[in-house]
Amino acid sequence: MTELTTIATERRARFRAAGQLGWGLGDQALSSLTNFTLSLLVAREVGIDQLGIFSLVFATYLLALGVSRSLNSDALAVRYSAAGEPAWREGAKAASGGALGLGLAGGAACVLAGLVADGLLGDALVVLGLGLPGLLLQDAWRFAFVARGRSAQAFVNDLVWALVLAAALAVLLTTGRTSVIAFELAWSGAAGVAALAGIAQARLLPWPLNPLAWWRRHRDLNARYLGEFLTIGAVSQLNNYGVSAVAGLAVVGALRAGEILIGPVYVLFMGGNMIAVAEGARVASRSTAGLARLSLLVSAGMSAAAALWGAVLVLLPDSLGTRVLGPTWYTAAQVVVPFALLTVGLTASAGPQTGLRALAAAKRGLRARLVAAPLLLAGAIGGAAVGGALGAAWGMAASYWAAAAVWWWQFRLALREHRP
């Protein structure tokens with residue numbers, strides 16, 4: 001009888017995890033589609049100079065977002081996904097307060113920088129500073145809902161953002177007021193509305209005046225998560241500059257075109273990881289063997305989806321490819337095969353990354369990231385020096401597979417060291 005009860009419990013857990021994954025992927029897809037649509041409209045409606053300003057503003061937002069997740073949301077997902085309702089409410093209030101506090105501080109810095117800067121860039125930075133608290137708080141609510149197993153609420157919150165933004169964009173396009181400042185106001189204002197909706201959904205009021213207490217409590221995690229985020233950003237920038245130095249800007253452009261083609265896999269990777277970490281933390285609280293199985297399933301499932309998408313890209317006729325990317329398709333087509341293999345290597349590391357977060361093994365995660373970083377740099381830059389865009393793509397594919405082996409190695413060591 002006990003064995004039947006255990007089997008039934010495991011089946012319910014798997015069904016719940018599948019449902020959470022579905023909502024999580026939908027949420028990530030909606031969020032990515034919102035940002036993509038906004039970027040597309042800005043690129044179409046404003047001049048190249050204003051597009052450059054928007055790119056700088058969005059890059060600044062992504063930097064603040066990564067820091068906020070590292071210091072606030074990631075610790076909530078790892079340590080409170082298996083907690084009871086009272087503990088989750090305490091953690092969600094502290095983490096969202098930390099995100100809001102960071103948004104206020106970062107927003108003030110952006111406003112000051114905007115007042116110092118000249119012209120339209122300064123105005124854009126001021127607008128970002130005013131909207132940054134809402135942008136970071138909205139993202140914190142997404143993680144809080146997922147940590148509690150309420151991925152549907154995260155989807156609803158992003159849907160609020162998307163609907164408000166769509167209405168604002170419709171007004172701008174109808175009235176012809178299509179400047180970078182107007183688009184930025186619509187984007188950040190819609191995020192602020194969604195952040196307020198998150199307060200109503202969670203029935204919690206974030207307290208931004210004492211985030212240091214939250215950061216100190218979880219400093220064993222957030223300092224290393226911040227190190228991982230900064231390492232990822234550094235590798236990305238060094239890759240671009242290194243490839244450009246040894247092979248030219250055209251090769252960087254070709255690699256960027258290939259990355260656009262595999263964008264759906266990145267959406268799967270990010271959305272799947274966000275859900276899997278929360279579910280993994282709940283599984284790890286019961287059994288490390290169960291976490292190991294979950295990690296294998298995460299990697300296997302994502303890798304299968306990545307392989308399927310890669311096969312679609314390889315078999316895609318030029319007539320359809322040019323409809324999607326225009327003339328850029330012919331450049332991207334040169335690197336389709338290695339990029340298809342790259343995505344399988346990338347998703348193969350999803351399982352151990354999930355497992356290390358679920359175990360709160362932040363030291364192992366940072367170590368894996370630091371070991372993998374030079375592999376990724378050597379693959380891209382070395383490949384570009386030898387064989388241009390195609391050489392860089394093959395080098396990147398090989399390095400992602402090597403990095404996946406590093407992640408599995410560190411996860412295996414973490415399982416041995418783990419003490420419930």
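Now for a description of the structure that goes with this document. Computed from a predicted structure; not experimentally measured. (Residues numbered from 1 in each chain as written. Predicted model: local features only at pLDDT ≥ 70, side-chain atom pairs only at ≥ 80, totals over all residues. Heavy atoms only, no water.)

## Some words on the overall build of the protein
Then step 1. On a plain count of helices and strands, the protein comes out with 16 helices and 0 strands.
Then step 2. For the protein, the C-alpha radius of gyration of 22 Å lies close to 22 Å, the compact-globule estimate for 420 residues.
Then step 3. Counting only C-alpha atoms, the protein reaches 70 × 50 × 35 Å along its principal axes.
Then step 4. Here the protein holds 420 residues, and 50% of them are scored as buried.
Then step 5. Contacts spanning at least 24 positions in sequence make up 83% of the contacts within the protein whose residues lie at least 6 apart.
Then step 6. Carbon together with sulfur atoms contributes 69% to the accessible area of the protein, which is approximately 18,900 Å² in total.
Then step 7. Across the protein, 31 positive and 19 negative side-chain charges occur, with their mean positions spaced 11 Å apart. (Helix = DSSP H or I, 4+ residues; strand = E, 2+ residues; numbered from the N terminus. Rg over C-alpha atoms; globule rule 2.2 N^0.38 Å. Buried < 20%, exposed > 50% of the residue type's maximum accessible area, 1.4 Å probe, protein only. Contact = heavy atoms within 4.5 Å. Areas by Shrake-Rupley, 256 points an atom, 1.4 Å probe, with all protein chains shown as cover. Lys, Arg positive; Asp, Glu negative; His and termini not counted. Charge placed at Lys NZ, Arg CZ, Asp CG, Glu CD.)

## Brief notes about the side chain of Asn 239
Then step 1. Relative to the elements of secondary structure, Asn 239 occurs in helix H8 (residues 219-247).
Then step 2. With residues near it in sequence (within four places) discarded, Asn 239 still touches Leu 376, Leu 377, Ala 380 and Ile 381.

## Some words on the nonpolar core
Then step 1. Ranked by size, the top nonpolar core spans 64 residues in total, and within it Tyr 61, Leu 128, Leu 135, Trp 161, Leu 169, Phe 183 and Trp 187 carry the most contacts.
Then step 2. Among the elements that line this core, the one with the most residues is helix H2 (residues 48-80), at 14 residues.
Then step 3. Once residues within four sequence positions are removed from consideration, Trp 161 is found in contact with Tyr 61, Leu 135, Gln 138, Trp 187, Ala 190, Ala 191 and Ala 194.
Then step 4. Judged by nonpolar contacts, the second largest core, of 48 residues, contains Val 235, Ala 276, Ala 361 and Met 396. (Core = buried A, V, L, I, M, F, W, Y, C linked by side-chain atoms within 4.5 Å.)

## Digging into the pattern of salt bridges
Then step 1. For the coordinates displayed, the defined rule picks out 12 salt bridges.
Then step 2. A single network of salt bridges, built from pairs that share partners, joins Arg 69, Asp 139, Arg 142 and Asp 158. (Salt bridge = Lys/Arg side-chain N within 4 Å of Asp/Glu carboxyl O.)

## Some details on the packing of aromatic side chains
To describe a pair of aromatic rings, one takes the distance between the centres and the angle between the planes.
Then step 1. Counted by the stated rule, this structure contains 8 aromatic pairs.
Then step 2. Each ring, one from Trp 141 and one from Phe 145, has its centre 6.2 Å from the other, and the planes form 20°; the classification is stacked. Of this pair, Trp 141 and Phe 145 both sit in helix H4 (residues 119-147), 4 residues apart, which is roughly one turn of the helix.
Then step 3. A network of ring pairs unites the aromatic residues Phe 54, Phe 58, Tyr 61 and Trp 187 as a single cluster.
Then step 4. The ring of Tyr 225 carries Arg 357 above its face, with NZ or CZ at 3.9 Å from the centroid. (Phe/Tyr/Trp six-rings, centres within 6.5 Å; stacked < 30°, edge-to-face > 60°. Lys NZ or Arg CZ within 6 Å of the ring centre and 35° of its normal.)

## Remarks on helix H16 (residues 362-417)
Three or four residues apart is the spacing at which side chains of an α-helix point the same way, because the helix has 3.6 residues per turn.
Then step 1. Between its terminal C-alpha atoms H16 stretches only 13 Å, short of the 82 Å expected from 56 residues at 1.5 Å a residue.
Then step 2. A maximum bend of about 145° is found in H16 at Gly 387. (Expected span 1.5 Å × (residues − 1). Bend = angle between axes of the 7 residues up to and from the residue.)

## Considering H4
Then step 1. Helix length check: H4, at 29 residues, gives a terminal C-alpha distance of 42 Å against a target of 42 Å (1.5 Å per residue), a fit within 8%.
Then step 2. Along its length, H4 reaches its greatest deviation from straightness, about 45°, at Gly 131, and the proline Pro 133 lies no more than four positions downstream.
Then step 3. When you tally the buried positions in H4, you get 23 out of 29 residues, the bulk of the element.
Then step 4. Gly 149 lies just past H4 and shows a positive phi near 80°.

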